[in-house]
Amino acid sequence: MFFKKSIDKIKAALAKTKKIAELFQIGRKIDEAFLEDLEERLIMADVGLDTTKYLIDALKSSYKDKEIKEKDQILTFLKENLKERLTQKGNELKLNEDGPTVILVIGVNGSGKTTSIAKLAHHFVQQDKKVLLGAGDTFRAAAIDQLEIWAERIGIDIVKHKMGSDPAAVAFDAVQAALSRESDIIIIDTAGRLHTQKNLMKELQKIHNVLKKKIPEAPHEVLLILDATIGQNAITQAELFSAATPITGIFLSKLDGTAKGGVVLAIQNQLDIPVKFIGLGEKCEDMEAFDSEQFVDALLSKD
Ligand SMILES: Nc1nc2c(ncn2[C@@H]2O[C@H](COP(=O)(O)OP(=O)(O)O)[C@@H](O)[C@H]2O)c(=O)[nH]1
Ligand SMILES: [Mg+2]
């Protein structure tokens, strides 16, 4: 459920897309030019070329067959279609019922990994879950410190090693600690080095392997953190990470800092990975579980 403050932030994130709804207000009739205009606005909103093409083609053929006569029908079609697409894969987090749930967090430096981990941790603590963090970004000392500060603030345990140590060893110790302390959720940070795809793949594979030694189904979730402000580049990033490891969900950070939030749709469509959470600020409370109904209503709202 979104709070009012979040709805306003999401609407701000969708400011550019407001122009979509404008089209439906100004008393224009439906014709080829209207559909072309709609197409342009969907692309401008970062909905993505493929999705836009699909929607416009479907609308054009309904228009030619005279199935669509009213603009409200178009709006309803867009809403239903986009909502369906956004919920196809399920936006819920997969939790392990018989022991700790392991969440592996990946993404490039600066995408918001550490902050998003803090947000997730805070969210679970609010639900009375026992959370443990693994400081798997061992590449930079600051990354370990930053995670530790969050853990202290939220009041949860953290497992860390020295800078430069093996991230897989951190992951192993974190799971071990979580099992003996009976934690509900383990969230593991990673370094976001993309300099060579081979290294990234090897590092992530090694983390997967050690996790599985302790909990065969782990990681239960692999969340890719994507910075919403980079627009369509987020797609390229997601493709690179997808090639290195299976991803179960996207955490779209910094949605408060962009007016082109339509990228949510492009991500879901082009990558077929569900958006599960959105980040709306720098504080650990600034997160919402992604609600596709609310998102699409905000995207196409007339006010
Ligand atoms: N406005 C805003 N800033 C964010 C959000 N998430 C992260 N940040 C900021 O982005 C910067 C990088 O975040 P960090 O968590 O350190 O990224 P990491 O390098 O991937 O771990 C920091 O200044 C964060 O405060 C968000 O949802 N909204
Ligand atoms: Mg970090």
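This one's a predicted model, so the numbers in the text were calculated from it and none came from an experiment.

Peer 1: Which parts of the structure should I look at to understand the site of ligand 1?
Peer 2: Around ligand 1, the surrounding shell holds 18 residues, and the nearest of these are Gly110, Lys113, Thr115, Asp256 and Glu282. At 3.3 Å from an oxygen atom of ligand 1 is found a main-chain nitrogen or oxygen belonging to Ser111. Interatomic distance of 3.1 Å between a backbone N/O atom of Gly281 and an oxygen atom of ligand 1. Looking at which element gives the most residues to the shell around ligand 1, the answer is helix α6 (residues 113–126), with 4 residues. A breakdown of the residues in the shell around ligand 1 according to their chemical character gives 2 nonpolar, 10 polar and 6 charged.

Peer 1: I keep staring at the pattern of salt bridges and nothing clicks. Help me out?
Peer 2: In total, this model carries 16 salt bridges according to the counting rule given. We note a salt bridge from Arg28 to Asp37, for which the minimum N-O separation is 2.6 Å. Look at Arg28 and you get partly exposed, because its relative accessible area is 26%. Judged by its relative accessible area of 19%, Asp37 falls in the buried class. Linking Glu148 and Lys160 is a salt bridge whose minimum nitrogen-to-oxygen distance equals 3.2 Å. With Glu148 in helix α7 (residues 141–154) and Lys160 in the loop between β3 (157–159) and α8 (167–181), this residue pair connects regions lying 12 residues apart in the sequence. Linked through salt bridges whose partners overlap, the residues forming this network are Glu22, Arg28, Asp37 and Arg41.

Peer 1: Sorry if this is basic, but what is going on with the layout of surface pockets here?
Peer 2: One water molecule sets the probe size; rolling that probe over the atoms shows where empty space is left. Of the voids in this model, the second largest pocket is the one considered here, and its volume is about 230 Å³. Lining the second largest pocket, in full, are Asn91, Glu92, Leu93, Leu95, His123, Phe124, Gln127, Phe277, Ala289 and Phe290. Residues that form the lining of the second largest pocket fall into these classes: 6 nonpolar, 3 polar and 1 charged.

Peer 1: Whenever I open this one, the sheet that holds strand β7 (residues 275–279) confuses me. Can you help?
Peer 2: What links the strands of a sheet is backbone hydrogen bonding, and the strands pair in either a parallel or an antiparallel sense. Taken together, 8 strands build an open sheet; the order of strands is β3-β2-β4-β1-β5-β6-β7-β8 and the sheet is mixed. Each edge of the open sheet carries a strand with a single partner, namely β3 and β8 (287–289). Across the sheet, the mean angle separating the axes of adjacent strands is 25° when strand polarity is ignored. Bridge count for strand β6 (residues 249–253) against β7 is 3 bridges, and the pairing is parallel. Residue pairing across strands places Ile250 opposite Val275, the latter belonging to β7. Packed onto the sheet, α6 meets β1 (101–106), β2 (131–134), β4 (185–188), β5 (221–227), β6, β7 and β8 and runs at close to 175° relative to β4. On the sheet, α8 packs against β2, β3 and β4 and is oriented at approximately 165° with respect to β2.

Peer 1: How should the side chain of Thr138 be read in this particular structure?
Peer 2: Among the secondary structure elements, Thr138 is positioned in the loop between β2 and α7. We classify Thr138 as buried; its relative accessible area is 5%. Here the side chain of Thr138 touches Ser165 through a polar contact of 2.7 Å, landing on its backbone oxygen. Once you skip the residues sitting within four places of it in the chain, Thr138 turns out to touch Ile144, Lys162, Met163, Gly164, Ser165, Pro167 and Val170.

Peer 1: Is there a simple way to explain the packing of helix α3 (residues 32–44) against helix α5 (residues 71–87) in this structure?
Peer 2: Two measures define how a pair of helices packs: the angle their axes make with one another and the distance between the axes. Two elements in contact, α3 and α5, have axes separated by 13 Å at closest approach and are oriented at 30°. As the angle between them shows, α3 and α5 are arranged roughly parallel. Note on packing geometry: the crossing formed by α3 with α5 is right-handed. Across from Phe34, Leu35 and Leu38 in α3, the residues of α5 making contact are Lys71, Ile74 and Leu78.

Peer 1: Sorry, what's going on with helix α9 (residues 197–214) here?
Peer 2: Helical periodicity: at 3.6 residues per turn, an α-helix aligns residues three or four positions apart in one direction. An ideal rise of 1.5 Å per residue puts 26 Å on 18 residues; α9 measures up with 27 Å between its terminal C-alpha atoms. Those residues of α9 that fall on the buried side of the exposure criterion are Leu200, Leu204, Ile207, His208, Val210 and Leu211. On its buried face, α9 sits against β1, α8, β4, β5 and α10 (233–244).

Peer 1: Would you mind showing me how to read the UniProt feature "domain: SRP54-type proteins GTP-binding" (unreviewed entry) in the protein chain here?
Peer 2: In the UniProt entry, the feature "domain: SRP54-type proteins GTP-binding" (unreviewed entry) is given for residues 274–287. Secondary structure content for residues 274–287 is 0% helix and 43% strand, while the C-alpha to C-alpha distance between its ends is 16 Å.

Peer 1: Explain the packing of aromatic side chains to me, please; I cannot follow it from the model alone.
Peer 2: To describe a pair of aromatic rings, you give the distance between the ring centres and the angle between the ring planes. Following the criterion strictly, the structure yields 3 aromatic pairs and no others. Pairing Phe290 with Phe295 gives two aromatic rings, centres 5.3 Å apart and planes at 55°, and the pair type is tilted. Grouping residues by exposure puts Phe290 and Phe295 together as buried. A cation over a ring is seen here: Arg85 above Tyr54, with NZ or CZ 4.1 Å from the ring centre. Looking at Arg153, its charged tip hangs above the ring of Trp150, at a distance of 4.5 Å from the centre.

Thresholds, definitions, all that
Residues numbered from 1 in each chain as written. Chains lettered and ligands numbered in written order. Predicted model: local features only at pLDDT ≥ 70, side-chain atom pairs only at ≥ 80, totals over all residues. Heavy atoms only, no water. Near = heavy atom within 4 Å. Polar contact = N/O pair within 3.5 Å; in protein donor to acceptor, adjacent residues only side chain to side chain. Helix = DSSP H or I, 4+ residues; strand = E, 2+ residues; numbered from the N terminus. Nonpolar A, V, L, I, M, F, W, Y, C, P; charged D, E, K, R; others polar. Salt bridge = Lys/Arg side-chain N within 4 Å of Asp/Glu carboxyl O. Buried < 20%, exposed > 50% of the residue type's maximum accessible area, 1.4 Å probe, protein only. 1 Å grid on protein atoms, 1.4 Å probe; cavity = no way out; pocket = protein on both sides within 12 Å on 5 of 7 lines; lining within 4 Å. Points joined across faces, edges and corners; volume = space filled by probe spheres on them. Pairing = 2+ DSSP bridges. Axes fitted to C-alpha atoms, helices over the stretch in contact; angles between N-to-C directions. Contact = heavy atoms within 4.5 Å. Parallel < 35°, antiparallel > 145°, perpendicular 65-115°, else oblique. Left-handed = near helix turned anticlockwise from the far one by under 90°. Expected span 1.5 Å × (residues − 1). UniProt positions renumbered as here; feature names shortened; annotations may be inferred. Phe/Tyr/Trp six-rings, centres within 6.5 Å; stacked < 30°, edge-to-face > 60°. Lys NZ or Arg CZ within 6 Å of the ring centre and 35° of its normal.

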